[in-house]
Amino acid sequence: MQIGLIGLGKMGGNMRERLRNAGHEVVGYDTNPAVSDVADLADLVQKLEAPRAVWVMVPAGAATQSVVDDLSELLSPGDLVVDGGNSRWTDDEKHAEELGKRGIGFVDAGVSGGIWGLKNGYALMVGGDTEHVERLKPVFDALKPEGPYGFVHAGKVGAGHFSKMVHNGIEYAMMQAYAEGWELLEKADSVDNVREVFRSWQEGTVIRSWLLDLAVNALDEDQHLDKLRGYAEDSGEGRWTVEAAIDNAVPLPAITASLFARFASRQDDSPQMKMIAALRNQFGGHAVESARR
């Protein structure tokens, strides 16, 4: 299948490579000419055969809106746009309406896998009309992990990003639990090998997970996380998850507390946030702040 891909950063660049490895033709555009296949969006659209499919992998908000606006002018009726960034689901509904007036289809795809996706595949949560999703199935099949899992048509437009948002809210809470346990172990006088305690949990326990594996990776690189400052950003989805919980009157005490813990990390050098920062760097390549000397 032929597809255009806009945004060739840490995620988009690896997705282009994975799709090409699966035999698909990918025309990529990025504002960085060193990695771009074409000079601009108009050139990308010209190189695609109608009906076109264009996948957008740029930051949520203004950047995505700008690309959607440009594509609405460049694409033709029957073409299809996929937003694979971390957009808010309400923006998906807006984009689908805007593009639909021009006869252009829209699909939202929540994508999880971070910097490991090239090797392991990406978990995909998709929203949109069935005909549009089915048209993109060869691309989804190439990006997802091998086996029966890793892809879901979650519902109508917005369902993909809403599902990814909840996924990330759960991720917040899981990372916070590992971080709290790590800090308590580090404080206990009787425990003198916290890293190996974490490693021992990787097999045969109910809390084993990929996040636990990544925590062990981080501790192998920096046993006591002394090189990191206890500061962790939030990417937005945690806030949106809590807002959605309020709108739907659903109690989310663990997820809400984990979000507030990140806010607290910006007020002092939190030991727990060293682990959160280390985990975010491990799975997503997110920037970390060095410890102040």
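Parameters at a glance
Residues numbered from 1 in each chain as written. Predicted model: local features only at pLDDT ≥ 70, side-chain atom pairs only at ≥ 80, totals over all residues. Heavy atoms only, no water. Pairing = 2+ DSSP bridges. Helix = DSSP H or I, 4+ residues; strand = E, 2+ residues; numbered from the N terminus. Axes fitted to C-alpha atoms, helices over the stretch in contact; angles between N-to-C directions. Contact = heavy atoms within 4.5 Å. 1 Å grid on protein atoms, 1.4 Å probe; cavity = no way out; pocket = protein on both sides within 12 Å on 5 of 7 lines; lining within 4 Å. Points joined across faces, edges and corners; volume = space filled by probe spheres on them. Nonpolar A, V, L, I, M, F, W, Y, C, P; charged D, E, K, R; others polar.

**Quick notes on the sheet that holds strand β1 (residues 2–6)**
Point 1. Pairing is mixed in the open sheet, where seven strands are placed in the order β2-β1-β3-β4-β5-β6-β7. Of all the strands in the sheet, the pair left with one neighbour each is β2 (25–29) and β7 (151–155). Direction aside, the axes of adjacent strands within the sheet are offset by 25° on average.
Point 2. Judged from the four bridges that link them, strand β3 (residues 53–56) and strand β4 (residues 80–83) form a sheet pairing that is parallel. Residue pairing across strands places V54 opposite V81, the latter belonging to β4.
Point 3. The strands touched by helix α3 (residues 62–74) are β1, β3 and β4; relative to β3, the strand with the most contacts, the crossing angle is about 165°.
Point 4. Along the sheet, helix α8 (residues 159–187) makes contact with β4, β5 (105–112), β6 (123–127) and β7, crossing β5 at roughly 15°.

**Section: the environment of L118**
Point 1. Following the sequence through the fold, L118 ends up in helix α5 (residues 117–120).
Point 2. Each C-alpha atom of the pair L118 and R18 lies 5.7 Å from the other, and the pair is 100 residues apart in sequence.
Point 3. The residues touching L118, leaving out its near neighbours within four places in the chain, are N14, E17, R18 and N21.

**Observations regarding the layout of surface pockets**
Point 1. For the largest pocket, the calculated volume is near 1000 Å³.
Point 2. Taken together, 39 residues line the largest pocket, and the ones lying closest to its centre are M11, N86, V111, K164 and H286.
Point 3. Only α1 (10–21), β5, α8, α10 (210–221), α11 (237–247) and α13 (271–284) provide two or more residues apiece to the lining of the largest pocket.
Point 4. With eight residues, α8 is the single largest residue contributor to the lining of the largest pocket.
Point 5. By residue class, the composition of the lining of the largest pocket is 17 nonpolar, 15 polar and seven charged.
Point 6. Size it by volume and the second largest pocket reaches roughly 160 Å³.
Point 7. In terms of lining residues, the second largest pocket is bounded by I6, G7, Y29, D30, T31, L41, V58, A63 and V67.
Point 8. Looking at the lining of the second largest pocket residue by residue, the class counts come to six nonpolar, two polar and one charged.

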